[in-house]
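Summary of structural features
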Amino acid sequence: MRQVVRLGYSPQDVRHIVLTHMHFDHCGGLPDFPHATVHVHAREFSAFKGLPRRWTDLAYVRRHIAHKPRVVLYDDRGERWFDFNAIRLPLEPEMWLIPLFGHTRGQCGVAINTNSGWLFHVADAAAMGLDESLPQWLVSPVLGPHTSRLRRFKDAHPEMRMTTGHMWLDTFQATLPRDGRDA
Ligand SMILES: [Zn+2]
């Protein structure tokens, strides 16, 4: 919330929040924006609400929606963004939810058509710049099965800004558009 204020907005200006997944470190700030509509994949919301089935489910904290936000759920409907299954969100600028299940049962990436081109935030489906040296058997149980595909996609689309949920700051800064424009 303090970062939003630092950017010159008030917390009430935040009307929509698109979640990649509902682990505590990705949605713990929801109560700071009680009037915002929350957009999330239906599978992720039911994993969050259901009984824990695997150890990563222990990172769901129910009280993060104790304020009962308005939640809009999405399910696959056969749309595509590049070669990914995707769901077009009813928001501007053009925005897509990209199912990348694995890290959690409903984790998604979010692609946004910004003033400076596509921003593709893959959250915890990859640790771009971090996991290249780690073996797949170690990466898959935590990040899911998409890391190599996302790395290939990144190599094929150098014009695209791709970010992850836990990038090193210098890796993140290297993705910033050079002319300083952004949505
Ligand atoms: Zn996570």
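Residues numbered from 1 in each chain as written. Predicted model: local features only at pLDDT ≥ 70, side-chain atom pairs only at ≥ 80, totals over all residues. Heavy atoms only, no water.

Quick look at the packing of aromatic side chains now. Evaluation of the coordinates by the stated rule reveals 11 aromatic pairs. Summarising the aromatic geometry, the rings of Trp 81 and Phe 120 are spaced 4.9 Å apart at their centres and angled 65° between planes, so their arrangement reads as edge-to-face. With Trp 81 in strand S4 (residues 79-81) and Phe 120 in strand S8 (residues 117-121), this pair connects stretches of sequence that are 39 residues apart. We classify Trp 81 as buried; its relative accessible area is 3%. Seen from their ring centres, Phe 84 and Phe 153 are 5.0 Å apart, and the 85° between their planes marks the pair as edge-to-face. With Phe 84 in strand S5 (residues 84-88) and Phe 153 in helix H5 (residues 147-156), this residue pair connects regions lying 69 residues apart in the sequence. Of the two residues, Phe 84 and Phe 153, neither departs from the other in class, the shared state being buried. (Phe/Tyr/Trp six-rings, centres within 6.5 Å; stacked < 30°, edge-to-face > 60°. Helix = DSSP H or I, 4+ residues; strand = E, 2+ residues; numbered from the N terminus. Buried < 20%, exposed > 50% of the residue type's maximum accessible area, 1.4 Å probe, protein only.)

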